[in-house]
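Below are the chains, spelled out letter by letter.
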Amino acid sequence: MTFDFPADGEAFTKASTLGNFINGADQPAIGGGLLPVENPRHGQVIGQVADSDARDVEAAVAAARAAFPGWRDTPLKERVQVLFRLKSLLERELMPLARIVADENGKTVAEGVASVQKGIECLEFGISVPNMAAGGQLEVSRGVSCRVQYEPLGVVAGVVPFNFPIMVPMWMLPQALVAGNTFVMKPSEQTPYGMARVAELFAEAGLPAGVLNLVNGGRAAVEALVDHPDVKAFGFVGSTRVAKLLYERSAATGRRALCLGGAKNHLVVVPDADVALTAQNVIASAFGCAGQRCMAASVLIAVGDCEHVIDAIVEQAKAIRLGEDMGCIINAASVERIEGYITDAEARGARVRVDGRGAGQGRAGYWVGPTVLDDVTADMPAGCEEIFGPVLSIIRVATVDQALAIENANPYGNAASIYTTSGAVAEYCVQRFEAGMVAVNIGVPVPREPFPFGGFNRSKFGHGDITGWDGFRFWTRPRKVTTKWALQADQTWMS
Ligand code: NAD
């Protein structure tokens, strides 16, 4: 793969046509199909990516199946050496990787750097797995011992979204690979270049051919992957609609699946909140990555008189420089969707205090400016549906319990935060939010490693979380071995 990076990382850059990465080699889709990949900042095509079908999936699964016995039989302590070397390579390539992410996704380069660094942190957890994977052994009766060992499943697969092209794959790969599985990954067809480069770096780090394979494309490739009888576990991150669909489709075959979906994250602000901390934090959460994060603040529920905090948020939102502090939107359809939510909320009586509509006029690419909607109600689409853009909806209520009732009633359950200087109020909310990742005075409560990542309700289908130790358990199966070597004189039920 070639990608000529401009010095500033934001000028327009062309990339080579990208095939699939199967058995360690770049291969075009068997049917010859190609999809265009755009740079959303410039609104121009960067290059073409393979549009794969079931034949390509078959080739990737066959490569992964062939590589499995050798990789499984490589001792864990040796497998992990690949990840150690990969960490050095990712650090060496931090800026080029960040620029790929910025180019194909539209993030600022600084956000690209942060996303790769978070991917490296996920890798560090994978590197630590040998220190935890020893299992356990116990004498459970006289002369009888039991032990548990975690073994790989075989060929496993993952499908990922556009918004973190390197970081989200790194939620899955370190644990799955260090456990001894071989992997077929389907990157987003909108942002396939980042993972393609990481796959090359895995190979440079010494990962044997066939252990990690990439199949590019869209729905046809995903459906072939989720239906493939040799895929033993299926991980997905993306929208709720697709997560639920694929979870059900995977479960129907009896295969384990963990499918993370969309979000509508609520930040509850009470009058005693620290103004400077809250305003800066809410702004970073709502408008970082142009709101295209499953952890982005989406609804601010103001309890009582929070005018001073809201005024500070509005002022800071107005000061955000588009293209410098905040990147762009992934594509034209998303701009239309986001602007549609703003217009609809306005028509229903919301006050548009900061208006990001029309930000793209007169410039190339796909843009929506920071938007603050006030007097939103929980039943407006902007108040309850995932917008996935830089829009903060403010709902006003009188009590903390009313705020919790709104948060609890929302079908999603990824993240929720309380902004207060009162420990009692904080703990009251923390224990009552219907969200898997909750916070006090933090707008993007992504659990840092080793704590696992995952939401509740319609933000996740399946059991357990995708990162941390839960991730390792998802990609392995526990074998329980019970052993006795001599007849015992004093009989027990195990004799
Ligand atoms: P998406 O669901 O449209 O696409 C995700 C993946 O699924 C892509 O690889 C795509 O090719 C594939 N896909 C799309 N439609 C499909 C279909 N009908 N059948 C089979 N496969 C299909 O999501 P996106 O737009 O790429 O990403 C944004 C979404 O991801 C948001 O909803 C966001 O909240 C969510 N997300 C969730 C998390 C989380 O941890 N819960 C993290 C990141 C993103």
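Nothing here was measured: the structure is a model prediction, and the numbers come from that model.

**Examining the domain arrangement of the protein**
Reports often express the size of an interface as the amount of accessible area lost when the parts come together.
Next up, step 1: Its domain assignment divides the protein into domain 1 (20-261 + 459-479) and domain 2 (265-440).
Next up, step 2: Inter-centroid distance (C-alpha atoms) of domain 1 to domain 2 is 31 Å.
Next up, step 3: Across the contact, 18 residues belong to domain 1 and 22 residues belong to domain 2.
Next up, step 4: A combined buried area of about 1,600 Å² lies between domain 1 and domain 2, and 55% of that area is made up of carbon and sulfur atoms.

**A few points about the site of the ligand**
Next up, step 1: Taken together, 26 residues sit near the ligand, with Lys186, Glu189, Ser239, Gly261 and Glu386 positioned nearest.
Next up, step 2: A distance of 2.8 Å separates an oxygen atom of the ligand from a polar atom in the backbone of valine 160.
Next up, step 3: One of the side-chain N or O atoms of glutamate 189 is found 2.6 Å from an oxygen atom in the ligand.
Next up, step 4: In the complex, the protein chains occlude 90% of the 840 Å² of accessible area that the ligand would expose alone.
Next up, step 5: Elements with a contribution of two residues or more to the shell around the ligand: α7 (219-227) and β10 (231-237).

**Topic: the packing of aromatic side chains**
Next up, step 1: A full pass over the atoms with the stated rule returns 8 aromatic pairs.
Next up, step 2: Measuring from centroid to centroid gives 5.9 Å for phenylalanine 162 and phenylalanine 388, while their planes differ by 85°, and the two rings are edge-to-face. Taken together, the positions of phenylalanine 162 in the loop between β7 (155-159) and α5 (169-178) and phenylalanine 388 in the loop between α12 (381-384) and β16 (391-397) put the pair 226 residues apart, joining distant regions of the chain.
Next up, step 3: Between tryptophan 171 and phenylalanine 453 the ring centres are 4.4 Å apart and the planes differ by 35°, which places this aromatic pair in the tilted class.

**Some details on the environment of cysteine 289**
Next up, step 1: Here cysteine 289 is to be found in the loop between α9 (275-287) and β13 (297-303).
Next up, step 2: Classification of cysteine 289 as buried rests on a relative accessible area of 8%.
Next up, step 3: When near neighbours in sequence (up to four residues on either side) are disregarded, cysteine 289 contacts Lys107, Glu111 and Phe164.

**Here's the deal with the packing of α9 against helix α10 (residues 307-318)**
Next up, step 1: Here α9 crosses α10 at 45°, and the two axes come no closer than 9 Å. One way to sum up the angle between α9 and α10 is to call them oblique. For the pair α9 and α10, the crossing hand works out as right-handed. On the side of α9, the interface is formed by Val275, Thr278, Ala279, Gln280, Val282, Ile283 and Phe287, while α10 contributes His308, Val309, Ala312, Ile313, Gln316 and Ala317.
Next up, step 2: Taken together, the residues of the contact of α9 with α10 break down into 9 nonpolar, 4 polar and no charged.

**Focus on the pattern of salt bridges**
Side chains that differ in charge, positive against negative, can pair when their charged atoms come close.
Next up, step 1: One pass over the structure, following the stated rule, counts 34 salt bridges.
Next up, step 2: The salt bridge involving glutamate 223 is made with arginine 249; its shortest N-O contact spans 3.4 Å. Remark: arginine 249 occurs in helix α8 (residues 240-252) and glutamate 223 occurs in helix α7; sequence separation between them is 26 residues.
Next up, step 3: With a closest N to O distance of 2.7 Å, glutamate 248 and lysine 244 form a salt bridge.

**A word on the sheet that holds β16**
Next up, step 1: Within the open sheet, the 7 strands sit side by side as β14-β15-β16-β13-β12-β17-β18. Their pairing is mixed. The open sheet has two edge strands, β14 (351-354) and β18 (437-440), and neither has a second partner. With direction set aside, neighbouring strand axes in the sheet form an average angle of 20°.
Next up, step 2: When strand β15 (residues 371-374) meets β16, the two strands line up parallel, connected through 3 bridges. What sits directly across from valine 372, in β16, is leucine 392.
Next up, step 3: Across the sheet, α10 lies against β12 (265-269), β13, β14, β15 and β16, angled at about 60° from β14, the strand it touches most.
Next up, step 4: Strand contacts of helix α14 (residues 423-430): β17 (415-419) and β18, with the helix running at about 165° to β17, the strand carrying the most contacts.

**A look at the nonpolar core**
One broad trend across soluble globular proteins is that nonpolar side chains are buried collectively.
Next up, step 1: One finds Leu90, Trp171, Leu173, Phe183, Phe202 and Leu212 to be the most contacted residues of the largest nonpolar core, which totals 65 residues.
Next up, step 2: The leading source of residues in this core is helix α4 (residues 109-128), at 8 residues.
Next up, step 3: When near neighbours in sequence (up to four residues on either side) are disregarded, leucine 173 contacts Val178, Phe183, Met185, Met195, Phe202 and Leu212.
Next up, step 4: Grouped together as the second largest cluster of nonpolar side chains are 61 residues, Ile320, Tyr366, Val376 and Leu392 included.

**Focus on α8**
Next up, step 1: Along its 13 residues, α8 runs 18 Å from first to last C-alpha, staying within 8% of the 18 Å computed at 1.5 Å per residue.
Next up, step 2: Of all the positions in α8, only Thr240, Ala243, Leu246 and Ser250 are classed as buried. Buried residues of α8, viewed axially, fall in a sector of 135°; they line one side. Seen from the open side of α8, the exposed residues pointing more than 90 degrees away from its buried face are Arg241 and Ala252.

**Let's talk about the pairing of β17**
Next up, step 1: Buried residues dominate β17, accounting for 5 of its 5 residues.
Next up, step 2: Of the two faces of β17, both are covered, the one formed by Ala415, Ser417 and Tyr419 as well as the one formed by Ala416 and Ile418.
Next up, step 3: With 4 bridges joining them, β12 and β17 adopt parallel strand pairing. Pairing of leucine 267 across the sheet is with serine 417, part of β17.
Next up, step 4: As paired elements, β17 and β18 share 4 bridges and run parallel to each other. Bridge pairing in β18 places alanine 415 opposite methionine 437.

The rules we used
Residues numbered from 1 in each chain as written. Predicted model: local features only at pLDDT ≥ 70, side-chain atom pairs only at ≥ 80, totals over all residues. Heavy atoms only, no water. Domains from an automatic or database assignment. Contact = heavy atoms within 4.5 Å. Buried area = accessible area lost by both parts, 1.4 Å probe. Near = heavy atom within 4 Å. Polar contact = N/O pair within 3.5 Å; in protein donor to acceptor, adjacent residues only side chain to side chain. Areas by Shrake-Rupley, 256 points an atom, 1.4 Å probe, with all protein chains shown as cover. Helix = DSSP H or I, 4+ residues; strand = E, 2+ residues; numbered from the N terminus. Phe/Tyr/Trp six-rings, centres within 6.5 Å; stacked < 30°, edge-to-face > 60°. Buried < 20%, exposed > 50% of the residue type's maximum accessible area, 1.4 Å probe, protein only. Axes fitted to C-alpha atoms, helices over the stretch in contact; angles between N-to-C directions. Parallel < 35°, antiparallel > 145°, perpendicular 65-115°, else oblique. Left-handed = near helix turned anticlockwise from the far one by under 90°. Nonpolar A, V, L, I, M, F, W, Y, C, P; charged D, E, K, R; others polar. Salt bridge = Lys/Arg side-chain N within 4 Å of Asp/Glu carboxyl O. Pairing = 2+ DSSP bridges. Core = buried A, V, L, I, M, F, W, Y, C linked by side-chain atoms within 4.5 Å. Expected span 1.5 Å × (residues − 1). Arc of directions from axis to C-beta.

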